Amino acid sequence: MSWNPFASGDEFQEVTFSAAELAQIQVQAGWAKGEDHTLLFEVHNGLKGPIQCASAQVDLQDGKHISKGFTPKLFVPAQSTRNASIPQVHKGSMKSYAMSCTCFKKQGKGECLNPLRKG
């Protein structure tokens, strides 16, 4: 559990995604044309509520790992796309990547919701 400044008590909880929710979140990674040293991420949120991504991790072909935390977290509204980057990941050196994302749900259940929205 993480600290939640948006609600009193346990009204909203930050949770990981179900398999069905995860299927609606698309993450792509690559390099911009002419830029071979900064890995770009594109995160598309197909859910009805917002998500936030705390970090990205990259495994390199030489066995090294690179991780970047996003402060503040990368906020992706419902049905929207946002971008993030990790510098110093050279084109052709990446083996795999992952993003760590969550959302808020009332009492940890149901759909992802915006804890700042009243109603």
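This text gives an overview of the structure that appears in the document. The model shown is predicted, which means the values in this text are computed figures rather than measured ones.

The rules behind the values
- Residues numbered from 1 in each chain as written.
- Predicted model: local features only at pLDDT ≥ 70, side-chain atom pairs only at ≥ 80, totals over all residues.
- Heavy atoms only, no water.
- Pairing = 2+ DSSP bridges.
- Helix = DSSP H or I, 4+ residues; strand = E, 2+ residues; numbered from the N terminus.
- Axes fitted to C-alpha atoms, helices over the stretch in contact; angles between N-to-C directions.
- Buried < 20%, exposed > 50% of the residue type's maximum accessible area, 1.4 Å probe, protein only.
- Polar contact = N/O pair within 3.5 Å; in protein donor to acceptor, adjacent residues only side chain to side chain.
- Contact = heavy atoms within 4.5 Å.

**Description of the sheet that holds strand E1 (residues 12-15)**
- Pairing is antiparallel across the open sheet formed by 4 strands, whose spatial order is E1-E7-E4-E5. A single partner strand is all that each edge strand has here, and the edge strands are E1 and strand E5 (65-76). Shown here is a sheet whose adjacent strand axes are inclined to one another by a mean of 15°, direction ignored.
- In this structure, E1 lies alongside strand E7 (residues 94-106), joined through 4 bridges in antiparallel fashion. Paired with Phe 12 across the two strands is Lys 106, which belongs to E7.

**A few points about the pairing of E5**
- With 8 bridges joining them, strand E4 (residues 51-60) and E5 adopt antiparallel strand pairing. Of the residues in E5, the one forming a bridge with Asp 59 is His 65.
- Where E4 folds back onto E5 in an antiparallel hairpin, the turn is made up of 4 residues, including Gly 63, whose phi is positive at roughly 90°.

**Topic: the side chain of Asn 45**
- Within the secondary structure, Asn 45 sits in strand E3 (residues 38-45).
- Accessibility expressed as a relative area gives 0% for Asn 45, which makes it buried.
- At 3.1 Å, the side chain of Asn 45 forms a polar contact with the backbone oxygen of Val 76.
- Once residues lying within four places of it in the same chain are set aside, the contact partners of Asn 45 are Gln 24, Ile 25, Pro 50, Ile 51, Val 76, Pro 77, Ala 78, Gln 79 and Ser 80.

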